[in-house]
Amino acid sequence: MEISEKLLKQLVSRVMDEFDRTNTERDETVVYESVEEAIEKAKDAQKKLFESKLEIREKIIKSIRERLSKHIEELSKLAVEETGMGRVEDKILKNKLAIEKTPGVEDLRAFAFSGDDGLTVLELSPYGVIGAITPSTNPSETIICNSIGMIAAGNSIIFAPHPGAKRTSIRTIELINEAILKVCNLKNLVVTVKEPSIEVTNEIIGNKEIKMVVATGGPGMVKAVMSCGKKAIGAGAGNPPVLVDETADLEKAGRDIVLGCSFDNNLPCISEKEVVAVESITDFLIFQMEKSGAYHLKDKRKEEELRRLVLKNNLPNREFVGKNAQYILENIGIKVGDEIKVIVLETTKDHVFAKEEMLMPILPIIRVKDSEEGIKVCKDLENGNRHTAIIHSKNIDTLTKYARYMETTILVKNGPSYSGIGVSGEGYTTFTIAGPTGEGLTSAKSFARNRRCVLVGGFSLK
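Scope of this entry: the structure provided in the associated data block. (Residues numbered from 1 in each chain as written. Predicted model: local features only at pLDDT ≥ 70, side-chain atom pairs only at ≥ 80, totals over all residues. Heavy atoms only, no water.)

**Section: the sheet that holds strand S2 (residues 111-115)**
Sheet architecture is open: three strands sit in the order S2-S3-S20, paired in antiparallel fashion. Looking at strand neighbours, the two that pair on one side only are S2 and strand S20 (448-456), the edges of this open sheet. Each adjacent strand pair in this sheet contributes to an overall mean axis angle of 15 degrees, direction not counted. Both strand S3 (residues 118-126) and S20 contribute to a ladder of nine bridges, which runs antiparallel. Pairing of Glu123 across the sheet is with Arg451, part of S20. (Pairing = 2+ DSSP bridges. Helix = DSSP H or I, 4+ residues; strand = E, 2+ residues; numbered from the N terminus. Axes fitted to C-alpha atoms, helices over the stretch in contact; angles between N-to-C directions.)

Next up, the structure:
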């Protein structure tokens, strides 16, 4: 029996992967019973990392990228299976993005001033042990992204995963540890606890050895972190509006909006949550969205059924968060094929679907008379999160005014929302977008302290 070259390579890869797994030093776990023990281990590991050369950090990050790239499908399937949210194919893309486009040590640029009085150097130095709180919506992606950036900056990390994504998070942390041990003997740079909970998270935040807290999650957790009395980075909720005016390429706008809104079933905080469209083009825009996989819900009785189904006490019903549009429609008696990715319906700007971040592929469409009114409506609907906004227009004055007026961390012009994190758009990626605390799209330098070193009367060569 002949074995194809492709199959042979796959078999060899699997054998080597298993060899790496069984031969990696694992005499110490990275999943601990207590917060105190986990932090002590992480503290010791961070000291050793800081005493090492930058070359070690580069090797660690390269190893993480190589190791995790072999487990993208596994982690993506595990996340959907465990949380019941999102799409495997989109999580594969997100994990790939985190592995390949998260900046490493190259992000730590030094600055210098020289003159008659000598030389002053500004360097970026680690905080120590970082407490990182991660969500159920992007569990493995956030842990991978945070680990690369925080280790690049010289820190160790104790993760406080969302309990609803415990297995996915722990598996990701174990794979990262295996990658680290493959290139050096720095155990416990990335640790967690066996049973994550709110109580565990609060214990991590309050521990005196934690020098920085990074929260990627809901507004309640971000608020708690911002008031903890330590250096905090908060990546909170968004409610991104998309404005479409009469100058837009409506075929492209319709396609891009469906792509962005349906990405991982609208779980990303950057995804389009409501459309604000100029009256004169709204009907044609909806037509183009239908061509691209949107189902236009026109029946007011069905709209009311949908509202009762997906809301609980006027807030998103967790049972339907991150679910496929097809599944949601089936629950109100509407049968569609899997080509339907988004449910669109016309609402007022005061409708709960427009005002709340639903985290479902349900997209309200609001008509306005012109772009001036549209900008004001978008500003109100964004809720002051300063997170993300999208616009489709060819009018440079409208594009400029929208960008200035919205004040968001990410603004995407003429593309799907995910272009803002490096998918079909330029720039690096992150899954910790810190609007509330102002760091923006975090990277290694976000997790480092600025230090100033001054040499008086020397090394001025001008």
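**Brief notes about the pairing of strand S14 (residues 342-346)**
Put simply, side chains in a regular strand alternate between the two faces of the sheet. Among the five residues that make up S14, four are buried, leaving the element largely enclosed by the rest of the structure. Across four bridges, the pairing between S14 and strand S15 (residues 362-368) is parallel. By the bridge assignment, Glu346 is partnered in S15 with Ile365. (Buried < 20%, exposed > 50% of the residue type's maximum accessible area, 1.4 Å probe, protein only.)

**Observations regarding the sheet that holds strand S16 (residues 388-392)**
The parallel open sheet is built from seven strands, whose spatial order is S11-S14-S15-S10-S9-S16-S17. Each end of this open sheet is capped by a strand with a single partner; those strands are strand S11 (294-296) and strand S17 (410-413). Each strand of the sheet is rotated relative to its neighbour by a mean of 25 degrees, with strand direction disregarded. Of the strand pairs in this sheet, S11 and S14 are connected by three bridges, and their pairing is parallel. By the bridge assignment for S14, Tyr295 is matched with Ile343. Here helix H15 (residues 371-381) sits on the sheet in contact with strand S9 (241-244), strand S10 (274-278) and S15, set at roughly 165 degrees to S10. Relative to the sheet, helix H16 (residues 396-406) contacts S9, S16 and S17, its axis offset from that of S16 by approximately 170 degrees. (Contact = heavy atoms within 4.5 Å.)

**What about empty space enclosed by the protein?**
Across all of its chains, the model carries two cavities of 30 Å³ or more by this definition. Of the voids in this model, the largest cavity is the one considered here, and its volume is about 80 Å³. In this structure, the largest cavity is lined by Lys94, Asn138, Pro268, Cys269, Ile270, Ile421, Thr430, Phe431 and Ile433. Class assignment of the residues belonging to the lining of the largest cavity gives a composition of six nonpolar, two polar and one charged. Of the voids in this model, the second largest cavity is the one considered here, and its volume is about 30 Å³. What lines the second largest cavity is simply Thr102, Pro103, Cys145, Asn146, Gly149, Thr430, Thr442, Ser443, Ala444 and Phe447. A per-class count over the lining of the second largest cavity returns four nonpolar, six polar and no charged. (1 Å grid on protein atoms, 1.4 Å probe; cavity = no way out; pocket = protein on both sides within 12 Å on 5 of 7 lines; lining within 4 Å. Points joined across faces, edges and corners; volume = space filled by probe spheres on them. Nonpolar A, V, L, I, M, F, W, Y, C, P; charged D, E, K, R; others polar.)

**Describing a negative patch on the surface**
On the surface, a cluster of negative charge is made up of Glu36, Glu40, Asp44 and Glu203. Among the elements that line the negative patch, the one with the most residues is helix H2 (residues 35-51), at three residues. In this structure, Glu203 sits in helix H8 (residues 198-206). (Patch = residues over 30% accessible without salt bridge, like charges linked within 9 Å, V, L, I, M, F, W, Y side chains within 5 Å. Areas by Shrake-Rupley, 256 points an atom, 1.4 Å probe, with all protein chains shown as cover. Salt bridge = Lys/Arg side-chain N within 4 Å of Asp/Glu carboxyl O. Lys, Arg positive; Asp, Glu negative; His and termini not counted. Charge placed at Lys NZ, Arg CZ, Asp CG, Glu CD.)

**Digging into the nonpolar core**
Grouped together as the largest cluster of nonpolar side chains are 94 residues, with contacts concentrated most on Ile180, Val244 and Leu285. Ranked by the residues each element gives to this core, the list is headed by helix H6 (residues 139-152), at seven residues. Residues Leu309, Val336, Leu345 and Val352 belong to the second largest nonpolar core, which totals 24 residues. (Core = buried A, V, L, I, M, F, W, Y, C linked by side-chain atoms within 4.5 Å.)

**As for the environment of His392**
Topologically, His392 is positioned in strand S16. Under the relative-accessibility criterion, His392 is labelled buried at 2%. Expressed as a C-alpha distance, the spacing of His392 and Ser460, which sit 68 residues apart in the sequence, is 51 Å. Apart from residues no more than four positions distant in its own chain, His392 is found in contact with Val242, Leu243, Val244, Asp245, Ala248, Ala253, Asp256, Ile257, Asn414 and Gly415.

**Topic: H6**
Between its first and last C-alpha atoms H6 spans 20 Å; for 14 residues at 1.5 Å apiece the expected length is 20 Å, and the two agree. Taken across its 14 residues, H6 has 14 buried, putting it largely inside the fold. Remark: Gly154 follows H6 within two positions and exhibits a positive phi of approximately 95 degrees. (Expected span 1.5 Å × (residues − 1).)

**Considering the layout of surface pockets**
By volume, the largest pocket amounts to about 1,400 Å³. Lining the largest pocket are 50 residues, and of these Gly217, Gly218, Pro219, Arg318 and Leu359 sit closest to its centre. For the lining of the largest pocket, the secondary-structure elements that each account for two or more residues are strand S4 (129-134), H8, helix H9 (219-226) and strand S13 (315-316). In terms of residue count, the dominant contributor to the lining of the largest pocket is H9 (five residues). Here the residues of the lining of the largest pocket are counted per class, giving 23 nonpolar, 22 polar and five charged.

**Observations regarding the pattern of salt bridges**
The final tally for this structure, using the stated rule, is 28 salt bridges. Glu178 serves as the salt-bridge partner of Arg67, at 2.6 Å between the closest nitrogen and oxygen. Placement of the pair is Arg67 in helix H3 (residues 54-69) and Glu178 in helix H7 (residues 166-183), with a sequence separation of 111 residues. The same class applies to Arg67 as to Glu178, namely buried. Among the salt bridges present, the one from Glu304 reaches Arg308, with a minimum N-O distance of 3.7 Å. Pair noted here: Glu304 and Arg308 are both in helix H12 (residues 300-310), with a separation of four residues, about one helical turn. Using a relative accessible area of 31% as the deciding quantity, one classes Glu304 as partly exposed. Within this structure, Lys91, Lys94, Glu141 and Asp264 form a network of salt bridges that share partners.

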